[in-house]
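A look at the structure
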Amino acid sequence: MQSKVSNNRLAAILSDGFLGLYFIFALFPLLWMVLVSLKSGEELFTTQFVFTPTLENYQAILFGDPRAAAGVVARQEFPRFFMNSLIVSSGAVILSLLVGVPAAYALARYRFRGKEDLAFTFLSFRFAPELVVIIPLSVLYRQLGLYDTYWGIIWVYQLVTLPLLIWVLRSYFEDVSPDIEQAAMIDGYPWWRIFWSILLPLVRPGLAAAALLAFVFAWNNFIFALVLGGSNVQTVTVSALGYISSAQAFFNRMAAASVLASIPQIVLALSIQRYLIRGLSFGAVKG
Amino acid sequence: MAELRLEHIYKTYKGGVEAVKDLNLTVKDGEFLALLGPSGCGKTSTLRMIVGLEDITSGEMYIGGRLVNRLEPNQRNVALAFETYALYPPLSVFDNIAFCLRARSVPKHEIAQRVRRVAEMLDITDILDRKPAELGGGQKQRVSLARALVRDPDVFLMDEPLSHLDAALRAHMRIELKRLHAQTGRTTILVTHDQLEAVAMAQRIAVMNLGVLQQVGTFDEIYNHPVNEFVAGFIGEPPMNILPTRPVQEGDKLWLAALDGGFRLPLPDALRAKVERSKAQTIDLGVRPIHIETLDSSSEAVDALPATVQTFESLGEEGQLAAQLGDSTVLVVTSPLLELERGDAVKLRFRPDRIHLFDAATQQAL
């Protein structure tokens, strides 16, 4: 009995230790990014963990560089890029929610011809690398006048966000017994009230998790924003290129920009954390 | 409160599956009727048509004299207690029950009053604040019943209400449901595959099979006078023995001879007229296990049929004997005190007033 207890304790300590190691391993790049963002140009290429932190990188990207070097453009425009990212990413997620929630519901509930083919088509958007479709898309976008517009980017982001939302939510809707909706019908509610006050609360964990993931994917997207967006809609991911010029690479400013750019995702993830664990693990198994 | 009348109701699904065929049934005002049948017999389709979740392919349905074919579920003023309870998980028990009243914009104080009243009736006043996920099966069942009853429905339907409860709770809820019906006086329809539930609760039983209504009546009528072999075999536990025979005339006496030659039974006078009238070539003789007497093999009675014991089990309150009669196995419910071994010779006597005869060709009772 005694040895069993101590065995358990040993196992607990070992697993905690292992998790701790993994935690450090997984988060080290983030830590490094934060450290680099606080370093001045002279310390940039050292591996020192102890140095005099400076906020000048943040100052430079947010308010402009007092010692601006010629040829390194647009770094002080970071707030605008940030807003662009925010607009296209939230726009893409909102549009995906408006389209994807009804689509997921229909795929979960109704029987119609070609249903599985349709569902698979949505999923297949995620198969092909973005590079495969980017050239025809860019030709189309220029012809349609969608190049370098918010709508254009939001639209193309649907390739990223919509399949995810549909597939995660579909399995959630499938898990809700149709009896519940029928009971509400007998109770005398119109379908939209049933949907709003009964169904949506039930799929909320999935909705939160899928929307967050979709937001992260959209936010992190690089290639679509690079090729289909110009200076008007440039996002933070694309603007990161601006910190590298032929003359100099401002890795510390890039790191500062990255730190700031990751804030919305972290805030979002923390605010819906209580749905997230359930939602993600559920979706992973089912979807 | 209202009478429910179904006239020539058909339900054909896409793909041509006929779930219900020419159903004619009247449930009287305030009556408790059980719709009983094996799975796939059309009872659930019937229920869903009554509630309005399923279109009626053809025929007419009246609730309280009002044609309801084209009415939406909420316009029919019917209530359904679902087999799965179908409680709304995000809402508290109180809100679950109040949900339908809110849809009708009943004033707030009246909602509170009515919810409280049904909650008291079902003894769930102490759980009104809880969420469905926190409730046990029996409590969910009560909430689902309360939700159905709170709107004062004209017709109250229950779909397999006890199938998810454990045995003890089921027995208890049977009594509760019966009390509830007596208390509310609603026209009530119970859909079940379990004859015990139907018998225990309902005033009349409608037996369905393969989409066709077989027989409607009190348990006594259905048990003692089944109209066909299906009803005879479906009602009663253990099921009725069915033995194929042929009528044989010998002098002025009429006998039933087993097709396999296993026995010859002098036909009781009461049944003779029936057999002569029907002119059936083959007659299925039906007799329930509890209506067979087990006699000593030395018995001289003319209607005692020699048989061989296959198995005998004493189940405490009763004994169950499987005996070989010709090529058929006959089940007999006996006294548990018999001492029988495999291979023993016995004689079986079918109680003459408890013999059922069916035309083997049509399966209908003679």
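Residues numbered from 1 in each chain as written. Chains lettered and ligands numbered in written order. Predicted model: local features only at pLDDT ≥ 70, side-chain atom pairs only at ≥ 80, totals over all residues. Heavy atoms only, no water.

**What about a nonpolar patch on the surface?**
On the surface, a cluster of nonpolar side chains totalling about 530 Å² of accessible area is made up of Phe18, Leu19, Tyr22 and Phe25 of chain A. Mapped onto the elements, Phe25 of chain A comes out in helix 1 (residues 2–37). (Patch = residues over 30% accessible without salt bridge, like charges linked within 9 Å, V, L, I, M, F, W, Y side chains within 5 Å. Areas by Shrake-Rupley, 256 points an atom, 1.4 Å probe, with all protein chains shown as cover. Salt bridge = Lys/Arg side-chain N within 4 Å of Asp/Glu carboxyl O. Helix = DSSP H or I, 4+ residues; strand = E, 2+ residues; numbered from the N terminus.)

**Remarks on the domain arrangement of chain A**
All names here are of chain A. Segmenting chain A into domains produces domain 1 (2–63) and domain 2 (75–286). For domain 1 and domain 2, the distance between their C-alpha centroids amounts to 30 Å. Tallying the contact residues gives 15 residues for domain 1 and 17 residues for domain 2. A combined buried area of about 1200 Å² lies between domain 1 and domain 2, and 77% of that area is made up of carbon and sulfur atoms. Here domain 1 and domain 2 share two residue pairs in polar contact (both at pLDDT 80 or more) between them. Elements that contribute at least two residues to the side of domain 1 that touches domain 2 include exactly helix 1 and helix 2 (56–63). Class assignment of the residues belonging to the side of domain 1 that touches domain 2 gives a composition of ten nonpolar, four polar and one charged. (Domains from an automatic or database assignment. Contact = heavy atoms within 4.5 Å. Buried area = accessible area lost by both parts, 1.4 Å probe. Polar contact = N/O pair within 3.5 Å; in protein donor to acceptor, adjacent residues only side chain to side chain. Nonpolar A, V, L, I, M, F, W, Y, C, P; charged D, E, K, R; others polar.)

**Side note on helix 8 (residues 191–220) of chain A**
In this model, helix 8 of chain A (30 residues) spans only 37 Å end to end at C-alpha, well below the 44 Å of a helix rising 1.5 Å per residue. Of all the bends in helix 8 of chain A, the greatest, near 60 degrees, is centred on Arg204 of chain A, and the proline Pro205 of chain A appears no more than four residues after it. (Expected span 1.5 Å × (residues − 1). Bend = angle between axes of the 7 residues up to and from the residue.)

**Here's the deal with the domain arrangement of chain B**
Residues and elements named next belong to chain B. The domains assigned to chain B are domain 1 (4–234) and domain 2 (241–359). Each of domain 1 and domain 2 has a C-alpha centre, and the two are 40 Å apart. Contact with domain 1, which involves seven residues of that partner, is made by nine residues of domain 2. Of the roughly 670 Å² buried between domain 1 and domain 2, counting both surfaces, carbon and sulfur atoms make up 49%. Where domain 1 meets domain 2, there are zero salt bridges. Those elements that provide at least two residues to the side of domain 1 that touches domain 2 are helix 7 (219–224) and helix 8 (229–234). Per element, the largest residue contribution to the side of domain 1 that touches domain 2 is three residues, and it comes from helix 7. When the residues that make up the side of domain 1 that touches domain 2 are grouped by side-chain class, the tally is four nonpolar, two polar and one charged.

**Observations concerning the sheet that holds strand 1 (residues 4–12) of chain B**
Residues and elements named next belong to chain B. Pairing within the open sheet is antiparallel, and its four strands lie in the order 2-1-4-5. This sheet does not close on itself; its edge strands, each paired only once, are strand 2 (18–27) and strand 5 (66–67). Strand direction decides the pairing type here: strand 4 (residues 58–63) and strand 5, joined by two bridges, are antiparallel. Bridging from a neighbouring strand, Tyr62 pairs with Leu67 of strand 5. (Pairing = 2+ DSSP bridges.)

**Thoughts on the packing of helix 3 (residues 78–109) of chain A against helix 6 (residues 150–175) of chain A**
All names here are of chain A. Interaxial distance between helix 3 and helix 6 falls to 6 Å at its minimum, and their mutual angle equals 40 degrees. The two elements helix 3 and helix 6 meet at a crossing, and its hand is right-handed. When the residues that make up the contact of helix 3 with helix 6 are grouped by side-chain class, the tally is 21 nonpolar, six polar and three charged. (Axes fitted to C-alpha atoms, helices over the stretch in contact; angles between N-to-C directions. Left-handed = near helix turned anticlockwise from the far one by under 90°.)

**Focus on the pattern of salt bridges**
Residue and element names in this part refer to chain B. Following the criterion strictly, the structure yields 20 salt bridges over all chains and no others. Residue Arg114 is joined to Asp152 by a salt bridge in which the shortest nitrogen-to-oxygen separation is 3.9 Å. Remark: Asp152 occurs in the loop between helix 4 (137–149) and strand 7 (155–159) and Arg114 occurs in helix 3 (residues 108–121); sequence separation between them is 38 residues. The partner of Arg179 in a salt bridge is Glu176, with the nearest N and O atoms 3.3 Å apart. Here Arg179 pairs with Glu176, and both are found in helix 5 (residues 167–184), just three residues apart, close to one helical turn. Since its relative accessible area comes to 33%, Arg179 is described here as partly exposed. Of the residues examined, Glu176 reaches a relative accessible area of 14% and is grouped as buried. Taken together, the shared-partner salt bridges connect Glu110, Arg114, Asp152 and Arg186 into one network. (Buried < 20%, exposed > 50% of the residue type's maximum accessible area, 1.4 Å probe, protein only.)

**Quick notes on the interface of chain A and chain B**
Chain A puts 15 residues into the contact, and the matching count from chain B is 21 residues. Interface of chain A and chain B: buried area, both sides summed, is about 1600 Å²; carbon and sulfur atoms make up 67% of it. Per-residue buried area on chain A facing chain B is highest for Ile186, Asp187 and Tyr189 of chain A; these three make up 41% of the total on that side. Linking chain A with chain B are one salt bridge, by the criterion used here. Between Arg151 of chain B and Asp187 of chain A there is a salt bridge; the shortest N-O distance is 2.7 Å. Linking chain A with chain B are nine residue pairs in polar contact (both at pLDDT 80 or more), by the criterion used here. When residues of the side of chain A that touches chain B are traced back to their parent elements, those giving at least two are helix 7 (178–186) and helix 8 of chain A. Top element by residues in the side of chain A that touches chain B is helix 7 of chain A. It accounts for seven residues.

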